[in-house]
Amino acid sequence: AHKIELEESSDSLVLILKRLFVGIWVVFANLLLFSLTRIFFRKYNEKMKPTEVIVYTVGTLGDNVLMLPAIAAIKNSFPAAKITAIVNCDGFSDNPARSILKPSSLIDNLVTLPAHPVQRQGFNLHINSPYNLEKGCDLFVNLSPFGNRGWIGAVLREMIYAKKLGAKTAIGFKMSTYSR
């Protein structure tokens, strides 16, 4: 195991080039996402007092457990805001998400989606969401793990969803790695 670890951690030219590629790609992807966020939404201001907040995530059990401290911080920062959690269950049962989030006093409304709300069909994007798209929100917080997984297409679809929901301000659209 020690020998394998040493071989894997050696700084060969190929490994250095791969790391360089990933670094450049992440910087480029984040510049693109930052630019699109600035075009689609108002800039987030620390003095904002949103009354409607949507927190979006993907997952069933672990992602929702990890989301609870973030929701608690949002509720602490904006105690008067109505918080709606929208959970994309990504094809799995919504029972874990409902078991974790429904009894929580941190959220006012829970919406579970069976799949990503924005689906690409050829060159067209279709939005399929039971949530009222005309309602809008002051702040959309994207806590989806797709940025950590390097799936820029999914992050772009989440941004489109936030825009279609009528979000005035949105945060959380960022890449941290390159897709495997």
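In this text, all values refer to a predicted model and were calculated from it rather than measured experimentally.

S.K.: Please clarify how helix α2 (residues 13–40) should be interpreted in this entry.
M.R.: What sets the pattern is the α-helix's 3.6 residues per turn: residues three or four places apart point alike. Taking 1.5 Å per residue, 28 residues should reach 40 Å; α2 reaches 40 Å between its end C-alpha atoms and fits that length. Considering only its buried residues, α2 is in contact with α6 (152–164) and β7 (167–171).

S.K.: How should the packing of α2 against α6 be read in this particular structure?
M.R.: Helix-helix packing: each pair is described by the crossing angle between the helix axes and the interaxial distance. At a closest axis distance of 11 Å, the pairing of α2 and α6 adopts a crossing angle of 10°. Relative to α6, the element α2 lies roughly parallel. Packed against α2, whose contacting residues are Trp25, Ala29, Leu32, Leu33, Leu36, Thr37 and Phe40, the element α6 presents Ile152, Val155, Leu156, Met159 and Lys163 at the interface. In terms of residue class, the contact of α2 with α6 is made up of ten nonpolar, one polar and one charged.

S.K.: Got a minute to help me understand helix α3 (residues 62–77) in this structure?
M.R.: The end-to-end C-alpha separation of α3 is 24 Å, in line with the 22 Å expected for 16 residues at 1.5 Å each. When the local axis directions of α3 are compared, the greatest deviation, roughly 30°, occurs at Leu68, which is followed within four positions by the proline Pro69. Those residues of α3 that fall on the buried side of the exposure criterion are Asn64, Met67, Ile71, Ile74 and Lys75. Buried-residue contacts for α3 involve β1 (52–58), β2 (82–88), α4 (95–101) and β6 (137–142).

S.K.: I keep staring at the pairing of strand β4 (residues 118–121) and nothing clicks. Help me out?
M.R.: Within a regular strand, the side chains alternate between the two sheet faces. The pairing of β4 with strand β5 (residues 124–127) spans four bridges and is antiparallel. Following the sheet pairing, Gln119 is matched in β5 by His126. Where β4 hands over to β5, the hairpin turn is made up of two residues, of which Gly122 adopts a positive phi near 70°.

S.K.: Where do I start with a nonpolar patch on the surface in this structure?
M.R.: Among the surface-exposed residues, Leu13, Leu17, Leu20 and Ile24 lie close enough to one another that they form a single nonpolar patch of about 420 Å² accessible area. Inspection of the secondary structure puts Leu17 in helix α2.

S.K.: Can you walk me through the packing of aromatic side chains in this structure?
M.R.: Two numbers describe a pair of aromatic rings. These are the distance of the centres and the angle of the planes. For the coordinates displayed, the defined rule picks out six aromatic pairs. An angle of 85° between the planes, with centres 6.2 Å apart, marks the rings of Phe40 and Phe41 as edge-to-face. The exposure class assigned to Phe40 is partly exposed, which follows from its relative accessible area of 30%. Geometrically, the ring pair formed by Phe140 and Phe173 is stacked, given 6.1 Å between the ring centres and 5° between the ring planes. Residue Phe140 is found in strand β6, and its partner Phe173 is found in the segment after β7; the two are separated by 33 residues along the sequence. Residue classification places Phe140 among the buried positions, given a relative accessible area of 0%. Members of the aromatic cluster, joined through ring pairs, are Phe40, Phe41, Tyr56, Phe140, Tyr161 and Phe173.

Analysis parameters
Residues numbered from 1 in each chain as written. Predicted model: local features only at pLDDT ≥ 70, side-chain atom pairs only at ≥ 80, totals over all residues. Heavy atoms only, no water. Helix = DSSP H or I, 4+ residues; strand = E, 2+ residues; numbered from the N terminus. Expected span 1.5 Å × (residues − 1). Contact = heavy atoms within 4.5 Å. Axes fitted to C-alpha atoms, helices over the stretch in contact; angles between N-to-C directions. Parallel < 35°, antiparallel > 145°, perpendicular 65-115°, else oblique. Nonpolar A, V, L, I, M, F, W, Y, C, P; charged D, E, K, R; others polar. Bend = angle between axes of the 7 residues up to and from the residue. Buried < 20%, exposed > 50% of the residue type's maximum accessible area, 1.4 Å probe, protein only. Pairing = 2+ DSSP bridges. Patch = residues over 30% accessible without salt bridge, like charges linked within 9 Å, V, L, I, M, F, W, Y side chains within 5 Å. Areas by Shrake-Rupley, 256 points an atom, 1.4 Å probe, with all protein chains shown as cover. Salt bridge = Lys/Arg side-chain N within 4 Å of Asp/Glu carboxyl O. Phe/Tyr/Trp six-rings, centres within 6.5 Å; stacked < 30°, edge-to-face > 60°.

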